[in-house]
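# An overview of the molecular structure
So you can see what is in the structure, the chains are spelled out below.
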Amino acid sequence: MFRIGENIRLLIDRPDGTYCFRLHNDRVYYMSERILKLATNISRDKLVSVGTCFGKFTKTQKFRLHITALDFLAPYAKFKVWVKPGSEQSFLYGNHIMKSGLGRITENTAQYQGVVVYSMADVPLGFGVAAKTTQECRKVDPMSIVVFHQADIGEYIRSEDTLT
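Summary of the structure given here. A quick note: this is a predicted structure, and the numbers were derived from the prediction, not measured.

Quick notes on the rules
Residues numbered from 1 in each chain as written. Predicted model: local features only at pLDDT ≥ 70, side-chain atom pairs only at ≥ 80, totals over all residues. Heavy atoms only, no water. Salt bridge = Lys/Arg side-chain N within 4 Å of Asp/Glu carboxyl O. Buried < 20%, exposed > 50% of the residue type's maximum accessible area, 1.4 Å probe, protein only. Helix = DSSP H or I, 4+ residues; strand = E, 2+ residues; numbered from the N terminus. Phe/Tyr/Trp six-rings, centres within 6.5 Å; stacked < 30°, edge-to-face > 60°. Lys NZ or Arg CZ within 6 Å of the ring centre and 35° of its normal. Disulfide = S-S within 2.5 Å. Pairing = 2+ DSSP bridges. Contact = heavy atoms within 4.5 Å. Axes fitted to C-alpha atoms, helices over the stretch in contact; angles between N-to-C directions.

So, about the pattern of salt bridges. Considering all chains together, one arrives at two salt bridges under this definition. Notably, a salt bridge pairs Arg14 with Asp16, separated by 3.0 Å at the nearest N-O pair. Given the relative accessible area of 24%, Arg14 is considered partly exposed. Between Glu107 and Arg138 there is a salt bridge, with the nearest N and O atoms lying 2.5 Å from each other. Here Glu107, found in the loop between β8 (102-105) and β9 (114-119), pairs with Arg138, found in helix α5 (residues 134-139); they are 31 residues apart in sequence, far enough to count as distant. Here Glu107 falls in the partly exposed class, since its relative accessible area comes to 43%. Judged by its relative accessible area of 51%, Arg138 is exposed.

Below you can see the structure in the form of structure tokens.
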């Protein structure tokens, strides 16, 4: 589960206005209240999307983050992972992160905790789930998976037809 904790307030009450989340067709959208008021002029069945899609609910009612939320969530993430330059491309092609490609990890990251994956130059690359705790990552062999891939910025190209 990905968490930003109390920082959710920073997404809602921004210096440039008040923002909100809205559910439309099992997708969660993030938009300013000004855009929301303009969107009320369009009937819900004709409205395709409005704002930035943060994710969607699956048929089993589990929420799945979309990569379009990365730029909004990355600055406020509690748990982060940095990958070495040699492993960036592998992650961007949809592969998991091995211990050999791990640059740094936030202290006290729990197993199965949602994380934001960064390059060593602090560029957000995507989302993942920690396969091991921070302490276990120090002891495992280099070919062990430490972060499961969930979403990456390469999806803009691979899935451009389905991202809305």
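The final tally for this structure, using the stated rule, is eight aromatic pairs. On the basis of an interplanar angle of 65° and a centroid distance of 5.1 Å, the ring pair of Tyr30 and Phe72 is categorised as edge-to-face. Of this pair, Tyr30 sits in strand β3 (residues 27-32) while Phe72 sits in helix α3 (residues 70-73), and the two are 42 residues apart along the sequence. Judged by its relative accessible area of 24%, Phe72 is partly exposed. A connected cluster of aromatic rings, assembled from ring pairs, spans Tyr19, Phe21, Tyr30, Phe54 and Phe72. Note that Arg14 overlies the ring of Tyr19, its terminal NZ or CZ placed 3.9 Å from the centroid. Above the face of the Trp82 ring, Arg104 is positioned so that its terminal group lies 4.1 Å from the ring centre.

On to the state of the cysteines, then. Inspection of the entire model under this criterion finds zero disulfides. You can see Cys20 has no disulfide; the closest cysteine sulfur is in Cys53, sitting 14 Å from it. Accessibility expressed as a relative area gives 7% for Cys20, which makes it buried. Take Cys53: its relative accessible area is 2%, and that puts it in the buried class.

Read from one edge to the other, the open sheet built from six strands follows the order β7-β11-β10-β9-β6-β8, with strand pairing classed as mixed. On the outer flanks of this sheet lie β7 (97-98) and β8, each paired with one strand and no other. Examined bridge by bridge, strand β10 (residues 124-130) and strand β11 (residues 145-152) share five bridges and lie antiparallel to one another. Residue Ala130 lies in a different strand from β11, and its bridge partner there is Val147. Across the sheet, helix α4 (residues 85-92) lies against β6 (80-83), β7, β9, β10 and β11, angled at about 80° from β10, the strand it touches most.

Here the focus is the pairing of β11. With two bridges joining them, β7 and β11 adopt antiparallel strand pairing. Within the sheet, the bridge partner assigned to Met98 lies in β11 and is Ile145.

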